[in-house]
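Per-entry structural report
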Amino acid sequence: MQPAHKLQNEMTPTILIVEDEAPIREMLNFTLTREGFKVIEAEDVAQAQARISDSAPDLVLLDWMLPGVSGVELARRLRREERTRAMPIIMLTARTEEENRIQGLEVGADDYVTKPFSPRELVARIRAVLRRAHPDDVERSIEVDSLKLDPVGHRVMSDGKELQLGPTEYRLLHFFMTHPERVFSRAQLLDQVWGDNVFIEERTIDVHIRRLRKILSPEGHDRFIQTVRGAGYRFSTQVG
Ligand code: CA
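The rules behind each value
Residues numbered from 1 in each chain as written. Predicted model: local features only at pLDDT ≥ 70, side-chain atom pairs only at ≥ 80, totals over all residues. Heavy atoms only, no water. Phe/Tyr/Trp six-rings, centres within 6.5 Å; stacked < 30°, edge-to-face > 60°. Buried < 20%, exposed > 50% of the residue type's maximum accessible area, 1.4 Å probe, protein only. Helix = DSSP H or I, 4+ residues; strand = E, 2+ residues; numbered from the N terminus. Pairing = 2+ DSSP bridges. Axes fitted to C-alpha atoms, helices over the stretch in contact; angles between N-to-C directions. Contact = heavy atoms within 4.5 Å.

Quick look at the packing of aromatic side chains now. Within a pair of aromatic rings, the relevant descriptors are the distance that separates the centres and the angle that separates the planes. In this structure the tally under the stated criterion is 2 aromatic pairs. Ring centres 4.8 Å apart and planes at 65° place the aromatic pair F175 and F184 in the edge-to-face group. With relative accessibility at 2%, the residue F184 sits in the buried group. Between F224 and F235, the aromatic rings sit 5.3 Å apart at their centres with planes inclined by 50°, giving tilted as the arrangement. Residue F224 is found in the loop between α10 (203-216) and β11 (225-228), and its partner F235 is found in strand β12 (residues 232-235); the two are separated by 11 residues along the sequence. Accessibility assignment for this pair places F224 and F235 in one class, buried.

Rendered as structure tokens:
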């Protein structure tokens, strides 16, 4: 049972939310939990430091304006400590002035998000920062049944035969295989697979899903790409 438990932890990053405003904290907790993250919370820097020494989160979502000691100061402290030096930090800030953004990045934040932000944008940035922090996880090849995706060689094998995927179908399959058993709306897939600031119709996704299924169909792996009525799509090895 031990390896399965370990695998579960590796695939469920823990995010520490440091935010003094309860409604924002609750909204963040709700959003991140729904996205499959484990969430812990702190209201101020003292609580945050206690949580960090208890549980070493994978990423800190850090509000700039906190009562007493500021978020910027906490970022500085985390960067000074050996144990937390590499801990990814995303600053939440209501400040839009360029100078403040630069200050946030100078104290060692990996990214910053300006309030008000869209939950989708925030999640995309969290994933991007986590990917940068753990490049090894991205490089590891993923195998489901006899379907194998090798991110290093950029190849997809089915029963030992190489499949020919277009770049979008490859990214889509990679995203699905690294986020199995969860439903994603078309809007979420757009954000995660196509990236920010891309203006395409949500229906375009259906076209790529159809292509991907066709490519996977000879070995029956198209059954993994499931339509969830009224919700979106899911990669699942269970019968949909
Ligand atoms: Ca605040």
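Moving on from the model shown.
Pairing is antiparallel across the open sheet formed by 4 strands, whose spatial order is β6-β7-β8-β9. Two strands close off the open sheet at either side, each with one partner strand: β6 (142-144) and β9 (161-163). Sheet twist, expressed as the mean angle between neighbouring strand axes with direction ignored, is 25°. Sheet topology places strand β7 (residues 147-150) next to strand β8 (residues 155-158); 4 bridges connect them, and they run antiparallel. In the sheet register, K148 faces β8, and the bridge partner there is M157. Packing of helix α8 (residues 167-178) onto the sheet brings it into contact with β6, β7 and β8, and relative to β7 it is tilted by some 110°.

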